[in-house]
Amino acid sequence: MGRAQRGGDRGRTGVRRAVKLVGLSALVIPLTTGCSVQEAIRFGWPEGVTPEAEQMRHLWTWSAIAALIVGVITWGAMFWAVIFHRKRKGDDDTPPRQTQYNLPVEIVFTVVPTIIVAVLFGFTVNVQNYVTSKTPNPDVRVAVTAFQWNWQFDYTGTRTPNGRPVETLGTSATIPILVLPTDRRIQFTLTSRDVIHSFWVPEFLFKRDVFPMPEKNDTDNVFQIAKIDREGAFVGRCAELCGAYHAAMNFEVRALQPALYDRYIALRSQNNPQTGAPYTAGEALAALNCGQWCAPEAITTYPFATNRTQRAATLPTSG
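Bear in mind the structure is a predicted one, so any value in this text is a computation, not a measurement. (Residues numbered from 1 in each chain as written. Predicted model: local features only at pLDDT ≥ 70, side-chain atom pairs only at ≥ 80, totals over all residues. Heavy atoms only, no water.)

Participant: Can you help me understand unusual backbone geometry in this one?
Facilitator: Leaving glycine aside, a negative phi is the common case for residues, and trans is the common case for peptide bonds. Going from Gln-148 to Trp-149, the amide bond is cis rather than trans, its omega being 0°. With respect to the helices, strands and loops of the structure, Trp-149 is situated in the loop between strand 1 (140-147) and strand 2 (150-155). Even without a glycine there, the phi angle at Asp-183 is positive, about 60°. The phi dihedral of Leu-205 falls on the positive side, at around 65°, and the residue is not glycine. (Helix = DSSP H or I, 4+ residues; strand = E, 2+ residues; numbered from the N terminus.)

Participant: Explanation requested: the pattern of salt bridges in the structure shown.
Facilitator: Should the charged atoms of two oppositely charged side chains come close, the side chains can pair. Per the stated rule, a full pass over the model turns up seven salt bridges. Here Glu-167 makes a salt bridge to Arg-164, at a shortest N to O gap of 3.1 Å. Judged by its relative accessible area of 24%, Glu-167 falls in the partly exposed class. Classification of Arg-164 by relative accessible area gives partly exposed; the value is 45%. A salt bridge links Arg-254 to Glu-252; the shortest N-O distance between them is 2.6 Å. When sorted by exposure, Arg-254 lands in the same class as Glu-252, which is buried. (Salt bridge = Lys/Arg side-chain N within 4 Å of Asp/Glu carboxyl O. Buried < 20%, exposed > 50% of the residue type's maximum accessible area, 1.4 Å probe, protein only.)

Participant: What should I look at first to understand the sheet that holds strand 4 (residues 177-181) in this one?
Facilitator: Two modes of strand pairing occur in sheets, parallel and antiparallel, and in both the strands are linked by backbone hydrogen bonds. Spatial strand order, 4-10-9-6-7: five strands in an open sheet with mixed pairing. In this open sheet, the two strands that pair with only one neighbour each are strand 4 and strand 7 (206-210). Going from strand to strand, the sheet's axes swing by 25° on average, the running direction of each strand aside. Inspection of the sheet shows strand 6 (residues 197-201) paired to strand 7 by five bridges, in the antiparallel sense. If you follow Phe-199 over to strand 7, its bridge partner there is Arg-208. Running over the sheet, helix 5 (residues 258-268) touches strand 4 and strand 10 (250-256) and is turned about 130° from strand 4. (Pairing = 2+ DSSP bridges. Axes fitted to C-alpha atoms, helices over the stretch in contact; angles between N-to-C directions. Contact = heavy atoms within 4.5 Å.)

Participant: Can you help me understand a nonpolar patch on the surface in this one?
Facilitator: Residues Ile-41, Phe-43, Trp-60, Leu-68, Val-72, Trp-75, Met-78 and Phe-79 make up a contiguous nonpolar surface patch of about 790 Å² in total accessible area. Take the nonpolar patch: its biggest share by element is six residues, from helix 3 (residues 51-84). (Patch = residues over 30% accessible without salt bridge, like charges linked within 9 Å, V, L, I, M, F, W, Y side chains within 5 Å. Areas by Shrake-Rupley, 256 points an atom, 1.4 Å probe, with all protein chains shown as cover.)

Participant: I tried to follow the packing of aromatic side chains on my own but got confused; where do I start?
Facilitator: Within a pair of aromatic rings, the relevant descriptors are the distance that separates the centres and the angle that separates the planes. Counted according to the given criterion, the structure contains 11 aromatic pairs. A ring pair is formed by Trp-151 and Phe-251, whose centres lie 5.0 Å apart and whose planes are at 65°; its orientation type is edge-to-face. Residue Trp-151 is found in strand 2, and its partner Phe-251 is found in strand 10; the two are separated by 100 residues along the sequence. A single burial state applies to Trp-151 and to Phe-251, both of which are buried. What links up through ring pairs into an aromatic cluster is the set Trp-151, Phe-153, Phe-188, Phe-199, Phe-206, Phe-223 and Phe-251. Positioned over the ring face of Phe-147 is Arg-193, at 4.8 Å from the centre of the ring. (Phe/Tyr/Trp six-rings, centres within 6.5 Å; stacked < 30°, edge-to-face > 60°. Lys NZ or Arg CZ within 6 Å of the ring centre and 35° of its normal.)

Structure below.
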């Protein structure tokens, strides 16, 4: 008797056991790893704080689910072939029925993957268009200037008593804090004074390269986020190797409620009576006195000494 004609009850029993094992694993693994259902369906995708990040997570999740479905079908076909077409004791050497050059099967194997790729491409383009979309009148505009090895943030449309825009400039001793409101559309305009840098806030889940002279480099240096979903402090970094102290080029995004943000900008637009000079970012945050999110110094990172005689990070002082 040929292998193609054998199988019967033993094959069906093997399939049932395999299905039970897979089902049991699907239930046990999330429980034993301590993952919540929400964490499990993210499939390792980090948690973002913007609608753009959420749309990218949806794309990732459904792409992973689609890949698992295709994988299950493929694995099922493999196991079916192994179980029902394996050689058993007593089989002769008669080969099973061959199906290569089966035109309907070949068409299915060509059309189905093409449809899968086209659907995935369509959803990817849709999410990409959402992430890169811009509206004419954002609520907040920030000009971001990168330089070796720090950042400058200018709030477009604001003025200090000396007539300059409200700005925050980072130094080797000070991490620049970019204060932004939650629940408002924010536009960033990026430029570099020297080499190529990259503006990256991990919780935004995407980065943007920062080019010198963007108008001459044919680059779109403006992007927007629909809003920041929650208050918090989020570390920002340069994600482009830009020189000896690239790793030291950090900043911090501080997301505040809109009312607190408005008070912050109002303070930055006037002189500090104690110093006679416009409020700095740290002084304005301290004056708000709103808890940990109004800390006058960065809480997600600390300054690095950017001189060639310093061989280690400058650790924050205690106390």
